[in-house]
Amino acid sequence: NISQFNDNEKQFIKLYYTSTNRYYIQKTNNYIIYLCKNNFDGLDINQYPNIKNHFEKNKTQLKKAKIKYGTPNKPYYYLHRERDENFFKRGPKIACQTRSYLQCFLYTEEEYYGSRAMNFIISDRINLKYLVSLLNSKIIFFWLKNKGKKLGEMLQIDKEPLLQIPLIKPEDENIIKYLAKLVDDIISASKSLENCQLPNQIDFYKNLIKSRENEINKKIYELYNLSDDDKLEIEKV
């Protein structure tokens, strides 16, 4: 229960995600206490009594886990293997889970602390809303299904296949803005869908999302200059 922690302690307690939706952040009730060398060295755990009490009752198991994971010299309340926290902080980013039946890339500018079963993309070389539209498109699903790594029927989108995806960046900035706007529409509709309960409103937002995704796929087909036969092949998957 996060209410047991004071405001000074809450700076280290973050909403924690283990999977991703397409385009939009899903709700989570999970939290992580993110303590590591980069953000806690030089600080005294005794100044954070509720955090200390939280870890103290499992101190023996946590110390054993540090040995198991090869990090015995870390304080028992530190993460075993922390990631670069800059990927999680506020600012434009794309996140995706590494294993899923359908590629699930989301865009957010909020804090987003994710598990090791996720990849994160931060870049100022390309419009990230445009990029997330491309990565969620049917053509990229087709490529991942046929050229990427798989685990049974699941896509395995770890670093290697992610870097090999044949991306295209249009020279026409208006195309980028058009696709970015469609992503904005999907995110807005997904947010509204999450909060509505009336069946007719639910159908409206679901249809709106589907419509915008269809528009994205249509435009992406044009960017890759696909023939009608190519499109038919992709639509079969």
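Shown above is the structure to which this text applies.
Below is a short write-up of the structure. (Residues numbered from 1 in each chain as written. Predicted model: local features only at pLDDT ≥ 70, side-chain atom pairs only at ≥ 80, totals over all residues. Heavy atoms only, no water.)

1. Details of the pattern of salt bridges
Going by this rule: The salt bridge criterion pairs a side-chain nitrogen of Lys or Arg with a carboxyl oxygen of Asp or Glu, the two atoms within 4 Å. Think of it this way: any DSSP run of H or I at least four residues long counts as a helix, any run of E at least two long counts as a strand, and we number them from the N terminus.
All chains considered together, the criterion is met by 15 salt bridges. Across the salt bridge formed by Glu222 and Lys219, the nearest N and O atoms sit 3.0 Å from each other. Linking Glu222 with Lys219, this pair stays in helix α9 (residues 199-223), spanning 3 residues, or about one helical turn. Lys231 is the partner of Asp228 in a salt bridge, and the nearest nitrogen-oxygen pair spans 3.9 Å. Taken together, the residues span about one helical turn, with Asp228 and Lys231 both in helix α10 (residues 228-236) at a distance of 3 residues. Several salt bridges converge on common partners, so that one network encompasses Lys181, Asp185, Arg212 and Glu215.

2. Considerations on the environment of Gln11
Mapped onto the elements, Gln11 comes out in the loop between α1 (7-10) and β1 (13-17). On a C-alpha basis, the gap between Gln11 and Arg90 in space is 14 Å, while along the polypeptide they are 79 residues apart.

3. Side note on the nonpolar core
Put simply, the rule reads: Side-chain atoms within 4.5 Å are what join buried Ala, Val, Leu, Ile, Met, Phe, Trp, Tyr and Cys residues into a set we call a nonpolar core. Partly exposed describes any residue whose relative accessible area lies between the buried limit of under 20% and the exposed limit of over 50%, with all areas from a 1.4 Å probe on protein chains only and scaled to the type maximum. Residue contacts are counted whenever heavy atoms from the two residues lie within 4.5 Å of one another.
Of all hydrophobic cores here, the largest spans 37 residues; its most connected members are Ile94, Phe105, Leu179 and Ile216. Counting residues per element, the ones that place at least two in this core are β3 (93-97), β5 (105-108), α5 (128-135), α6 (138-147), α8 (173-195) and α9. Tallying contributions element by element places α8 first for this core, with 8 residues. Leave out the neighbours within four places in its chain, and Ile216 touches Tyr23, Ser133, Leu179, Leu182, Val183 and Ile186.

4. Observations concerning the sheet that holds strand β9 (residues 154-156)
Definition in use: By the convention used here, strands pair only if DSSP detects at least 2 bridges between them. Orientation is described by lines fitted to C-alpha atoms, with helices fitted over the stretch in contact, and by angles between N-to-C directions that extend from 0 to 180 degrees.
The strand order across the open sheet built from 3 strands is β4-β9-β8, with neighbouring strands paired in antiparallel fashion. One side of each edge strand has no neighbouring strand; the edge strands of this open sheet are β4 (99-100) and β8 (149-151). Across 2 bridges, β4 lies against β9 in antiparallel orientation. Counted as the bridge partner of Arg99 is Gln156 from β9. Of the strands in this sheet, β8 and β9 touch α6, which is tilted by about 75 degrees from β8.

5. What about the packing of aromatic side chains?
The relative placement of two aromatic rings is captured by the distance of their centres and the angle of their planes. Note the cut-off: Classification of ring pairs uses Phe, Tyr and Trp, with its six-membered ring standing for Trp, and accepts pairs whose centres are within 6.5 Å; under 30 degrees between planes counts as stacked, over 60 as edge-to-face, and the remaining range as tilted.
Tallied over the full model, the rule gives 14 aromatic pairs. Aromatic pair Phe88 and Tyr113: ring centres 4.9 Å apart, planes at 40 degrees, arrangement tilted. In this pair, Phe88 sits in the loop between α4 (59-68) and β3 while Tyr113 sits in strand β6 (residues 113-114), placing the two residues 25 residues apart along the sequence. By relative accessible area, Tyr113 is classed as buried at 2%. A ring pair is formed by Phe204 and Tyr205, whose centres lie 5.2 Å apart and whose planes are at 75 degrees; its orientation type is edge-to-face.

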